[in-house]
Amino acid sequence: MLSRESSTTLMSAVTAFLYREARLQDEHQYEAWEKLWTDDGVYWVPANGADIDPERQMSIIYDNRSRIALRVRQLMTGKHFTQTPQSNLRRLISNIELMDEQPDNGDIAVASNSLIFESSLRDDTLWAARNEYRLRHVDGELRIAHKKVILVNNDKAIYTLSFLV
Amino acid sequence: MNMMTGVSPWERLIRPDRVHGSLYTDPEIFEAELKNIWYRTWVYVGHESEVPNANDYVVKSIGPQSVIMTRDEQGKVNLLLNRCSHRGNQVCSFERGNARSFTCPFHSWTFANDGRLVGYAFPDGYEGQDKAQLALGRVTRVESYRGFVFGSFAADGPTLKEHLGGAAETIDRLVRTSPEGEVEITAGFLKHRVKANWKFILENECDGYHPAFVHTSIFGVADSMIGKLYGGASTALTRDYGNGHTEIDLRPEFRKRDAPMSWFGTSEERLPDYTARMKAAYGDTAAREIMIDGTPHVMIFPNLFIAEIQMFVIQPLGVDDSVQHVTALQFKGAPDLNRRLRQQTMGSVGPAGFLLADDSEMYERCHRGVLARNPEWIFLGRGEKRQRQDELGFTVGHVTDEVPSRGIWTHYRKLMEPA
C-alpha cells in the first residue's frame, strides 16, 4: 500500500498522464502516443469478456511492442483507408483509481473508465470501456507497460475499431 | 416473369458481365434472398469441435435466426431454433454451455437438447395434448462434411455433398494440414459488424484484384510476402467451382517457391514439432507436398470463407447490416502451428485487424456508393475474354480476374429465379 501523501502525488501524476494519452489518441498523434510505451509494452483489447486467456482465445487487439509499432506505422502511411480520413474523436476519462493490489515489481496498477465518441464516414459511434493499466517510471517519466481495454460490448458484433482506443 | 417482355426481373438485373446496383440495396431483394438462399440452400452453421462433449451447446445463426447447435446425449449434433414452441420466447440466452435441457423463462416449458418437449408447468391445463407436436423447431436437414456442420431449411434438394461439388476437395485439402486430419474451432470468435450488404463481403473474399491497393498500407510496412501473390505477374488463379463456390488458388506460386511452410511465411526449421508430426502422419513426400501447397482460400457459398489461416462466417442481418464472425483455424495435433495461427489471425482480422479494418471500410463505402443511381451497374468483366477451363472443367482466370464474382452471380440468379 502507498502512503496517503505519496498516493496523492502519484494520483495527480497518473491522472495527468492518462489525460495526455487520451488527447494524443483523440488527435491521432501516433508517434507521440507510441513513445508512451515501455520497450516490453503489451496492448490488449479482449473479446468475449474480460477474463479470456489471450494466449488461447481471440482478442480484438493483442499487440506486443513490435506489433504496437507496426500498428502505428500502418496508421502513419496515410493509406490505411479506415483511418483516411481519420475519425473525429473525443473521449472522457474518469473514475481513475490506483488499485489496492499493486504489482511486486514496482509497476503501478491503475484503472479508469472511458467513454469515446467517434464520428467517421460510416456514422457516429459511442464506445465505452474499462481501462486497466500497469504504468512504470522509466527515466523519471511514466510509461505504459500494459494496457487492457475492456469494451463494455466486447461480446457483441462491433464496428471497425481502427483508431487508438 | 414480366408478362410484357418475357424477361424475368433477375435476368434484367444480372447480366454476364455486370449486375445492377439495386441488388445490394433493395430491402425487398434482401427479403427474397432470405427466402430463396438463406432459408433454403445449405448454409454453414458451426463445427463439430465446438460441441465436443455430450450436452454441449453453442448458439449460432442462419441469417437473422438464432440457432442452437447441440450435441445430445446420444452424441448426435442437432440444429434447433431458439424459439419456444409456446409463445416464441428465446429458450437459450447464453452463447455456449453444457445443458441436458433448455427451460423457457416465460412459462417454464422445458425442452431436451434434442428438441423434444419434456415438460410444461401446470400440465393439467393441457389435457390430451400430444407433446410431440410441440417440440422446438429445427433446421430441416443437417449434414456435416469433415466436421463442418451445414443446415438447410428445404426438405428436398441437393445433398450437402452435391452442393459442395468440386469445392469439397478444398476442405479435404484443409484438413490435411493437420497431422490428425482434423480442424478444430476452439479459439473463440471475433464478431465484426459492417454497415453494408452481405454480398460485398461474399464477393470480396475471392477478389484478387483489390489486395495490392486496399492493403497497401500494411504490405508496405510489414515485409509481407502476400502482395506478390496478387500482382500482375502472379501465376495464382481464380476459380469458379459452380454452385457459387469460388477460390483463389495460390498453389502455383507456393510450388514455385518450393519451400515447405512458405505459404505461412515460415519454415520447417521454425516448426520442428509440427514438421515431425506431419512426416510421421503422411510420409516425407506427401507431407512435403501438403506443407508446400498450404491451406485453401475458398469461399463456400453463401457464408463459409476459409482464408488460409482463419475462417469467416458471414451473417446477414439486414440489407445494409452484416456480421463477419472470424476465428483462427486450429489443426488437431499441431500446437506450435496453432499458436502462430492465432497470433497472425488476431493481427490481421476482426474490428481492429490490419487487413479487415480496410476491407470492411471498402464494403461500407461500396454500399454508400451504389446508392448513387448512375451508372446503374457494377461492372464485373475483368478477365472475361481470357478465362479458360482447368483440367477438371472448372472456369479459371488470372488471380486478379473477376471469375469468382461472375460465378457467384450465375448461381445467385439460379436460386432467385422461380423454378
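Residues numbered from 1 in each chain as written. Chains lettered and ligands numbered in written order. Predicted model: local features only at pLDDT ≥ 70, side-chain atom pairs only at ≥ 80, totals over all residues.

Quick question: what am I supposed to make of the overall build of chain A here?
Of regular secondary structure, chain A possesses three helices and six strands. Secondary structure elements in chain A, listed N-terminal to C-terminal, are α-α-β-β-α-β-β-β-β. Along the three orthogonal principal directions, the C-alpha set of chain A runs to about 50 × 30 × 30 Å. Scored against the burial criterion, the 165 residues of chain A give a buried share of 36%. Summarising the internal contacts of chain A: among those between residues at least 6 apart in sequence, 55% fall at separations of at least 24. (Helix = DSSP H or I, 4+ residues; strand = E, 2+ residues; numbered from the N terminus. Buried ≥ 20, exposed ≤ 12 C-beta atoms within 10 Å, placed from the backbone. Contact = placed C-beta atoms within 7 Å.)

It is not clear to me how unusual backbone geometry should be interpreted in this structure. Could you clarify?
Comment: phi is negative for the bulk of residues other than glycine, and the bulk of peptide bonds are trans. Of note, the amide linkage connecting A:Thr84 to A:Pro85 takes the cis form, showing an omega dihedral of 5°. Inspection of the secondary structure puts A:Pro85 in the loop between helix H3 (65–76) and strand S3 (88–98). In this structure, the amide linkage connecting B:Asn374 to the following residue, B:Pro375, adopts the cis form with an omega of 0°. Backbone geometry places B:Arg146, a non-glycine residue, at a positive phi of 50°. Residue position: B:Arg146 is located in the loop between strand S11 (141–145) and strand S12 (148–152). The backbone phi angle of B:Met261 is positive, close to 70°, even though this residue is not glycine. Within the element layout of this structure, B:Met261 appears in the loop between helix H10 (251–257) and helix H11 (272–282).

Can you help me understand the sheet that holds strand S10 (residues 117–119) of chain B in this one?
Residues and elements named next belong to chain B. If you trace the three strands from one edge of the open sheet to the other, you get S8-S9-S10, paired in antiparallel fashion. Two strands in the sheet have a free side with no partner beyond their single neighbour: strand S8 (101–103) and S10. Sheet twist, expressed as the mean angle between neighbouring strand axes with direction ignored, is 30°. In this structure, S8 lies alongside strand S9 (residues 110–112), joined through three bridges in antiparallel fashion. (Pairing = 2+ DSSP bridges. Axes fitted to C-alpha atoms, helices over the stretch in contact; angles between N-to-C directions.)

Help me understand the nonpolar core in this model?
Most often, soluble globular proteins keep nonpolar side chains buried together rather than apart. Core analysis: the largest hydrophobic core is formed by 145 residues, its most contacted members being A:Leu135, A:Val165, B:Tyr44, B:Val45, B:Val67, B:Met69 and B:Phe305. No other element matches the five residues that strand S6 (residues 141–151) of chain A contributes to this core. Two domains each provide a minimum of three residues to this core, namely domain 1 (47–152) and domain 2 (166–416) of chain B. Every residue in contact with B:Phe305, bar those within four places of it in the chain, is listed here: B:Glu205, B:Met299, B:Met311, B:Phe312 and B:Ile314. (Core = buried A, V, L, I, M, F, W, Y, C linked by C-beta atoms within 7 Å. Domains from an automatic or database assignment.)

Explain the domain arrangement of chain B here, please?
For interface size, the figure often reported is the accessible area lost on association. Residues and elements named next belong to chain B. The domain boundaries assigned to chain B delineate domain 1 (47–152) and domain 2 (166–416). Put simply, the middle of domain 1 and the middle of domain 2, counted by C-alpha atoms, are 33 Å apart. In the side of domain 1 that touches domain 2, the residues fall into three nonpolar, five polar and two charged. (Nonpolar A, V, L, I, M, F, W, Y, C, P; charged D, E, K, R; others polar.)

Which parts of the structure should I look at to understand the pairing of strand S14 (residues 190–194) of chain B?
Successive side chains on a regular strand alternate, one facing one side of the sheet and the next facing the other. Residues and elements named next belong to chain B. Counting buried positions along S14 yields four of five residues, so the element is predominantly enclosed. Inspection of the sheet shows S14 paired to strand S20 (residues 321–328) by five bridges, in the antiparallel sense. Along S20, the bridge assignment pairs Val-194 with Ser-322.

Where do I start with the packing of H11(B) against helix H12 (residues 284–293) of chain B in this structure?
Packed helix pairs are specified by the crossing angle of their axes together with the interaxial distance, meaning the distance between the axes. All names here are of chain B. For the pair H11 and H12, interaxial distance at closest approach is 7 Å and the crossing angle is 125°. Taken together, H11 and H12 sit at an angle that is classed as oblique. Crossing handedness for the pair H11 and H12: right-handed. Here Met-278, Lys-279 and Tyr-282 of H11 lie close against H12, whose contacting residues are Asp-284, Ala-286, Ala-287, Ile-290 and Met-291. Partitioned by chemical class, the residues of the contact of H11 with H12 number six nonpolar, no polar and two charged. (Parallel < 35°, antiparallel > 145°, perpendicular 65-115°, else oblique. Left-handed = near helix turned anticlockwise from the far one by under 90°.)

Would you explain the environment of B:Ala233 in this entry?
Mapped onto the secondary structure, B:Ala233 falls in the loop between helix H9 (226–229) and strand S15 (237–242). In this structure, the C-alpha to C-alpha distance between B:Ala233 and B:Thr110, residues 123 residues apart in sequence, is 61 Å.

How should the confidence of the model for chain B be read in this particular structure?
Looking at chain B as a whole, the pLDDT averages 96, with 99% of positions reaching at least 70. Here the predicted complex carries an ipTM of 0.96, next to a pTM of 0.96. (pLDDT = per-residue confidence, 0-100.)

Help me out: how do you make sense of the pairing of strand S24 (residues 395–398) of chain B in this one?
Residue and element names in this part refer to chain B. The pairing of S15 with S24 spans four bridges and is classified as antiparallel. Paired with Thr-238 across the bridge in S24 is Gly-397. When strand S23 (residues 388–389) meets S24, the two strands line up antiparallel, connected through two bridges. Its bridge partner lying in S24, Gln-389 is registered against Thr-395. In this structure, the hairpin formed by S23 and S24 is closed by a connection of five residues, where Gly-393 is found at a positive phi of approximately 90°.

How do you make sense of helix H3 (residues 27–38) of chain B when you look at a structure like this?
The periodicity of an α-helix, 3.6 residues per turn, causes residues three or four places apart in sequence to face the same way. All names here are of chain B. For H3, the complete set of buried residues consists of Phe-30, Glu-33, Ile-37 and Trp-38. Relative to the axis of H3, the buried residues are bounded by an arc of 70° and lie together on one face. More than 90 degrees from the buried face of H3, the exposed residues found are Glu-28, Glu-31 and Lys-35. Against strand S3 (43–47), strand S4 (56–62), strand S19 (310–318) and helix H15 (403–416) lie the buried residues of H3. (Arc of directions from axis to C-beta.)

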